[in-house]
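The chain contents come next:
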Amino acid sequence: MDTYDLLIIGGGINGTAIAADAAARGLSVLLVEKNDLGSGTSAASSKLIHGGLRYLQYGEVGLVREALRDRELLLRNRPHLVRPIELLIPVRAGGPVPPWKLELGLMLYDRLAGASGLPRHRRLSRQETLEREPDLEPAGLLGGFVYPDAQALFPERLCIELAREAAGARAVIRTRTEVVGLCCDGARVVGAWLRGASRPGTREARGSAVGSERPQGTATGAHALRLPSNDCEAVSARLVVNAAGPWVDAVRRLLGIERRPLLGCTKGSHLVMRPPAQGPRGPVYATARSDGRPFFVLPWREMLLIGTTDIHYKGDPAAVRADPAEVAYLLAETAALFPRAPLSEDTVLYTYAGLRPLPASRDPAARITRRHRVVDHASDGAPGLWSIVGGKLTTHRTLAEQVVDRAIRALRRKALPHHAHGARCSAAPGELDLAALRRSAAGLPLEADQLEYLVRLYGPRAEEVVEKVRRNPASGERICPQNPDVAAQVEVAVEQEWAVTLADLLLRRTGIGSSPCQGLDCAERAAAWMGQAAGWSDARRVEEIDAYRQLIRQRFRGGLRTDG
Ligand code: FAD
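Residues numbered from 1 in each chain as written. Predicted model: local features only at pLDDT ≥ 70, side-chain atom pairs only at ≥ 80, totals over all residues. Heavy atoms only, no water.

Examining the nonpolar core
Part 1 of the reasoning: Among the nonpolar cores identified, the biggest contains 120 residues, and L6, I8, I18, L27, V29 and L502 are the most heavily contacted of them.
Part 2 of the reasoning: In this view, I18 contacts L6, I8, V241, I388, L399, A400, V403 and V404; residues no more than four positions away in its chain are not counted.
Part 3 of the reasoning: Counting 32 residues, the second largest nonpolar core, distinct from the first, contains L7, L30, A250 and A382. (Core = buried A, V, L, I, M, F, W, Y, C linked by side-chain atoms within 4.5 Å. Buried < 20%, exposed > 50% of the residue type's maximum accessible area, 1.4 Å probe, protein only. Contact = heavy atoms within 4.5 Å.)

Here it is, written out as structure tokens:
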């Protein structure tokens, strides 16, 4: 049996970032993900790559500085996926934070960002604020501030890129592979029992994946070296990193010893809709009238993203959904901000919800620190196991660097320089790639909007999709008439990006599943292309289409009348 330096449990943003960094620095790495890469909390964020202005209120200056540095690196190294945005904060008479304090916070935010290349904050008069957002509720409006941050268009693809970088540095990535037990030698954790796809990419592996996104329960607790069941295999590792997001405590429980939970998850829900008439023109960061909580109204792709809530949650992480009260709250608060916008449940395309894997705390949800922590379980009797608590989408690079620095010390390995994630993707943003791609795609059945989109999705790798279309012009066909994605992307997803199910393809490799139609109209066509690339039988194709439709109904209708 091979012994890896690191076994990483979880293929969210943190697990994939740790894998990319560790593999680039010479460690042997196995990453296992029970579902699909980026399918957990990392798919359910507000998609902001930000320093977290509001954390300054709680004195988290170090966290904000760190996040702003990561924001800058992401903007530089992954300009195709992360782009700058400018948020407006409307200032109202009697608001929860006095304007002078807000301005002080923004000055500090600018200062902590250093020479980031982004503009500094600006104060707007009442008139300037209304010129920028003419449909904003004018009553009580004193003016506003604008300040820069960034947005990840497809956070799931960040995870895919990191996993590809890890694999490029010889890490082994196995999706649909669940850790169902931890192997111990005495008290020391020395590996894990895995259940799921036996060998990545095989027919057998693909066959086991149908419907695996239906709500799952907590992994049943296998204990120590006992084989949990016959369909499991053991892997051994010098260090096991539990990057299971909201499932971190479930993985710890596999040790079979009851301990106080590390996590106190909070739920956050979002609404996605088409931009309403007389609604926001740009990103707005506002304070809810009913409870003083901050919330965002963010143009995202061709839609509007509204969120989020922050509610303590103790249930099964896989079952988290928006509920009717959250939908009503977000709609009412947006309506208070933009009273002329026709907003109702019927204008909501879909909802989604996720769990913040925050440290257990008695504090109100909004006050709990967003700083990450790496817990070495040597302190509670299980050396060889580390758990990641907390963290942000934005700060995955710093987190990975810290974990790998520590791992190199713990494993007594020679220190290698850390890996600036995405350094290889540092082609200049926009024009340069697009111009080159336009030249290369001349004469192919790809339209201007599709080329632009491919650059956004793949960065420098867009050329690989174009090359596939060159070799087989039929694969330049749109998968969905309402989206720019082309069939050649299906092959890329299956061959190079671990896509195994129709949901992987539509929700996390292309933008179709998160677009207004959610891929419901094109599911058959997408499944036909996917079946061809992955060698599906007719029965499997039908199963995939049914499973996808059911998943959309179950996961993205939360809180709406048609829920369930
Ligand atoms: P996850 O993405 O959940 O990954 C953990 C993975 O582990 C999952 O894919 C799961 O399937 C897998 N797993 C679990 N158990 C096992 C097992 N036994 N075997 C194998 N695999 C297993 N951050 C920002 O920077 N900006 C934002 O705007 C932002 N907004 C947010 C809004 C909301 C509502 C929420 C909930 C979070 C937000 N965050 C934001 C925080 C950020 O999304 C999370 O901190 C981050 O995605 C956590 O990533 P992760 O890799 O730790 O967890």
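Describing the environment of G282
Part 1 of the reasoning: One can find G282 in the loop between strand 11 (266-273) and strand 12 (284-287).
Part 2 of the reasoning: Linking G282 and L48, residues 234 residues apart in sequence, is a C-alpha distance of 14 Å.
Part 3 of the reasoning: Look past the residues within four positions of G282 in its chain and what remains in contact with it is E133, V297 and P299. (Helix = DSSP H or I, 4+ residues; strand = E, 2+ residues; numbered from the N terminus.)

Considerations on the site of the ligand
Part 1 of the reasoning: The full set close to the ligand counts 37 residues, and E33, S42, L48, G391 and T394 are the nearest of them.
Part 2 of the reasoning: Residue N14 places a side-chain N or O atom 3.0 Å away from an oxygen atom belonging to the ligand.
Part 3 of the reasoning: At 2.8 Å from an oxygen atom of the ligand is found a main-chain nitrogen or oxygen belonging to G391.
Part 4 of the reasoning: The protein chains hide 97% of the 1000 Å² of surface that the ligand would expose on its own.
Part 5 of the reasoning: Of all the secondary-structure elements, those providing two or more residues to the shell around the ligand are helix 1 (13-24), strand 8 (177-185), strand 11 and strand 16 (348-356). (Near = heavy atom within 4 Å. Polar contact = N/O pair within 3.5 Å; in protein donor to acceptor, adjacent residues only side chain to side chain. Areas by Shrake-Rupley, 256 points an atom, 1.4 Å probe, with all protein chains shown as cover.)

Section: the packing of helix 2 (residues 61-77) against helix 9 (residues 396-410)
Part 1 of the reasoning: One way to put it is that helix 2 packs onto helix 9 with a least axis distance of 8 Å and a crossing angle of 105°. With respect to helix 9, the axis of helix 2 lies roughly perpendicular. Between helix 2, through E66, R69, D70, L73 and L74, and helix 9, the contact on the second element is made entirely by H396, R397, T398 and Q402. (Axes fitted to C-alpha atoms, helices over the stretch in contact; angles between N-to-C directions. Parallel < 35°, antiparallel > 145°, perpendicular 65-115°, else oblique.)

Description of the packing of helix 14 (residues 502-509) against helix 16 (residues 538-556)
Part 1 of the reasoning: Where helix 14 meets helix 16, the closest approach of the two axes is 8 Å, and the angle between their N-to-C directions is 45°. Relative to helix 16, the element helix 14 lies oblique. Between helix 14, through L502, A503, L506, L507 and R508, and helix 16, the contact on the second element is made entirely by E544, I545, Y548, L551, I552, R555 and F556.
Part 2 of the reasoning: For the contact of helix 14 with helix 16, the per-class residue count stands at nine nonpolar, no polar and three charged. (Nonpolar A, V, L, I, M, F, W, Y, C, P; charged D, E, K, R; others polar.)

Here we look at the confidence of the model for the protein
Part 1 of the reasoning: Per-chain confidence: the protein averages 90 in pLDDT, with 91% of residues scoring 70 or above.
Part 2 of the reasoning: Low confidence marks residues 214-225, where pLDDT is under 50. Its contacts with residues over four positions away, or in another chain, come to 33 contacts.
Part 3 of the reasoning: Across residues 424-431 the pLDDT falls below 50, and counting only partners more than four positions away or on other chains, this stretch makes 16 contacts in the model. (pLDDT = per-residue confidence, 0-100.)

Comments concerning the packing of aromatic side chains
Part 1 of the reasoning: Under the counting rule described, the total for this entry stands at five aromatic pairs.
Part 2 of the reasoning: Look at Y109 and Y147: their rings are 5.7 Å apart centre to centre, the planes differ by 80°, and that puts the pair in the edge-to-face class. Taken as a pair, Y109 in helix 3 (residues 99-113) and Y147 in strand 6 (residues 141-152) lie far apart in primary sequence, 38 residues in all.
Part 3 of the reasoning: An angle of 85° between the planes, with centres 6.3 Å apart, marks the rings of F154 and Y453 as edge-to-face. Of the two residues, F154 is situated in the loop between strand 6 and helix 5 (155-168) and Y453 in helix 11 (residues 448-458); the sequence distance between them amounts to 299 residues.
Part 4 of the reasoning: Ring pairs connect the aromatic residues Y109, Y147, Y285 and F296, which therefore count as one cluster.
Part 5 of the reasoning: A cation sits over an aromatic face here: R301 above W300, 5.0 Å from the ring centre.
Part 6 of the reasoning: Positioned over the ring face of W386 is R406, at 5.1 Å from the centre of the ring. (Phe/Tyr/Trp six-rings, centres within 6.5 Å; stacked < 30°, edge-to-face > 60°. Lys NZ or Arg CZ within 6 Å of the ring centre and 35° of its normal.)

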